[in-house]
Amino acid sequence: MNSFPLPGAPVFHRSENGALMIEDLGLDELAQEHGTPLFVYSQAAIESALSAWQRGLAGRDALVCYAVKANSSQAILSLLAQAGCGFDIVSGGELARALAAGAEPEKIVFSGVGKTRREMQAALEAGIGCFNVESEAELLALNDVAAACGLTAPVSIRVNPDVDARTHPYISTGLRDNKFGIAHDHALAACQLAASLPGLRVAGIGCHIGSQITEAAPYLDALERVLDLLEAIEAAGVPLGQIDLGGGLGIAYADETPPAADALCQLLLARLDARGHGQRRLIVEPGRALVGNAGVCLTEVLYLKPGEDKSFCIVDAAMNDVPRPALYEAFHRIEPLQAAAEGAPGRVYDVVGPVCESGDWLGRRRLLAVQPGDRLAVFSAGAYCMSMASNYNSRPRAAEVLVSGDMARVIRQRETIEDLLRGELP
Ligand SMILES: Cc1ncc(COP(=O)(O)O)c(C=O)c1O
Ligand SMILES: N[C@@H](CCCC[NH3+])C(=O)O
């Protein structure tokens, strides 16, 4: 596995003496200064990922709405907002985070199958750009809330196009038996219902077929199906303005070769043009592709437990910090922060955390030449790690640092024991 380029290269690279670097800073120095486990992100990597989408969509009526769930830290949201990005939110909490980070309300879209009336009201009052509605029952509830507030809710119907995104079953969302979206066959009725409700304004149609998608084909299939529907719905008398193609573009955790964002956008735009829809407003909702390979989780080796059949490298980060391996058996590359001495003996380890679960592993069968006290980087930890981190085993959540060039700043303090106990009553 280690013959592939480092995820996030060239932002992540090794110096001449073998130290692992993020931009112009040594990761080991950052780990020593701020302690471990520690998430470290590159501002340049996030900005360059966003500009690939913006480049691919340049000259069009298009908006990139970052899926906040991938990493919802305030500093990351604000740097994306400053770069002109919109946001895809799925809760009142994400709405508050996006607004606090300086998001323009009209560049916010609200997805999710279970929006509460309270969340709908907050988003309406904030003046968000669109609600991506996932059921007829939700249309009725949103209409009630809008009427009660004296406002009109812009809605886009999220359809389930029944397309196989060819990704892990837990992160596939566009198949008929997933809970997401309005079934293809019900989309016309849903649009007609929305158009008949006085509190709603039909703004468009969309889909989101899954996450960590590494090919363009499922996107093109979904686009074709959405366009077929859009044409049928408009022919039936409901004009639909925009198309939202959701998020889902994958990243290279190992040897995956997902299309580049600008290339994918060009393919999608060419297909829209070919079908005569090139003038329509297009929204995309990437999450992982903007931040996933911009971050690492640094961890220190606590103990080695060599064995005849299996050896364990026990580190101070765990499934509560980097949950993806436990949840999806996901692969994250793991590298020592300092190069091993020439000829140092290596051993094949399972890299595991201190949490009391056999599922608490970060990497399996990794060849490492390490000693207790050495530090490691878990790569591709910018997306769906900190935002899914928990306090399981009463472990305070890690700190986060954002690097730009040779500057580093703490963007989230390490949680304390007081934080853990806050709000609890004896
Ligand atoms: C509606 C919606 N939009 C966007 C995303 C972002 O997905 P990804 O991080 O795979 O780009 C998700 C999560 O899968 C989602 O559910
Ligand atoms: N949490 C998933 C992605 C979920 C996308 C949300 N619909 C992951 O880590 O890969």
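Residues numbered from 1 in each chain as written. Chains lettered and ligands numbered in written order. Predicted model: local features only at pLDDT ≥ 70, side-chain atom pairs only at ≥ 80, totals over all residues. Heavy atoms only, no water.

Draft legend 1. Seen up close, the pairing of strand β8 (residues 130-133). Burial along β8 is two-sided: the face carrying Cys130 and Asn132 and the face carrying Phe131 and Val133 are both buried. Inspection of the sheet shows strand β7 (residues 108-110) paired to β8 by two bridges, in the parallel sense. Of the residues in β8, the one forming a bridge with phenylalanine 110 is phenylalanine 131. Once you follow β7 into helix α5 (residues 117-126) and on to β8, the crossover reads as right-handed. With three bridges connecting them, β8 and strand β9 (residues 153-160) associate as parallel partners. The partner of valine 133 across the bridge, within β9, is isoleucine 157. (Buried < 20%, exposed > 50% of the residue type's maximum accessible area, 1.4 Å probe, protein only. Helix = DSSP H or I, 4+ residues; strand = E, 2+ residues; numbered from the N terminus. Pairing = 2+ DSSP bridges. Right-handed = clockwise from strand over helix to strand, strands pointing away.)

Draft legend 2. Highlighting the UniProt feature "binding site: pyridoxal 5'-phosphate" (unreviewed entry) in the protein. Sequence positions flagged by UniProt for "binding site: pyridoxal 5'-phosphate" (unreviewed entry) are, in local numbering, Gly248, Glu285, Pro286, Gly287, Arg288 and Tyr384. Of note, glutamate 285 is situated in the loop between β13 (282-284) and α10 (288-291). With a relative accessible area of 7%, glutamate 285 lands in the buried category. Residues in contact with glutamate 285, not counting those within four places in the same chain, are Cys65, Ala67, Asp88, Val109, Ser111, Asn132, Asp244, Gly246 and Gly247. (UniProt positions renumbered as here; feature names shortened; annotations may be inferred. Contact = heavy atoms within 4.5 Å.)

Draft legend 3. Local environment of the site of ligand 2. Taken together, eight residues form the shell around ligand 2, and within it Arg288, Arg324, Tyr328, Tyr384 and Met388 come nearest. One of the side-chain nitrogen or oxygen atoms of arginine 288 is found 2.8 Å away from an oxygen atom of ligand 2. Protein chains shield 86% of the accessible area of ligand 2, which is 310 Å² for the free molecule. (Near = heavy atom within 4 Å. Polar contact = N/O pair within 3.5 Å; in protein donor to acceptor, adjacent residues only side chain to side chain. Areas by Shrake-Rupley, 256 points an atom, 1.4 Å probe, with all protein chains shown as cover.)

Draft legend 4. View of the pattern of salt bridges. As enumerated under the stated definition, the model contains 22 salt bridges in all. With a shortest N-O distance of 2.6 Å, arginine 375 and aspartate 28 are connected by a salt bridge. Within this pair, whereas arginine 375 is found in strand β19 (residues 375-378), its partner aspartate 28 is found in helix α1 (residues 27-34), the two being separated by 347 residues in sequence. Across the salt bridge formed by arginine 271 and glutamate 224, the nearest N and O atoms sit 2.7 Å from each other. Residue arginine 271 is located in helix α9 (residues 261-274), and its partner glutamate 224 is located in helix α8 (residues 217-235); the two are separated by 47 residues in the primary sequence. For arginine 271, a relative accessible area of 29% translates into the label partly exposed. (Salt bridge = Lys/Arg side-chain N within 4 Å of Asp/Glu carboxyl O.)

Draft legend 5. Molecular detail of the site of ligand 1. As a matter of local geometry, ligand 1 sits amid 14 residues, with Ser211, Gly248, Glu285, Arg288 and Tyr384 nearest to it. Between an oxygen atom of ligand 1 and a side-chain N or O atom of serine 211, the distance comes to 2.4 Å. Within the contact set of ligand 1, an oxygen atom lies 2.7 Å away from a backbone nitrogen or oxygen of glycine 248. About the coverage of ligand 1: the protein hides 92% of its 390 Å² of free accessible area.

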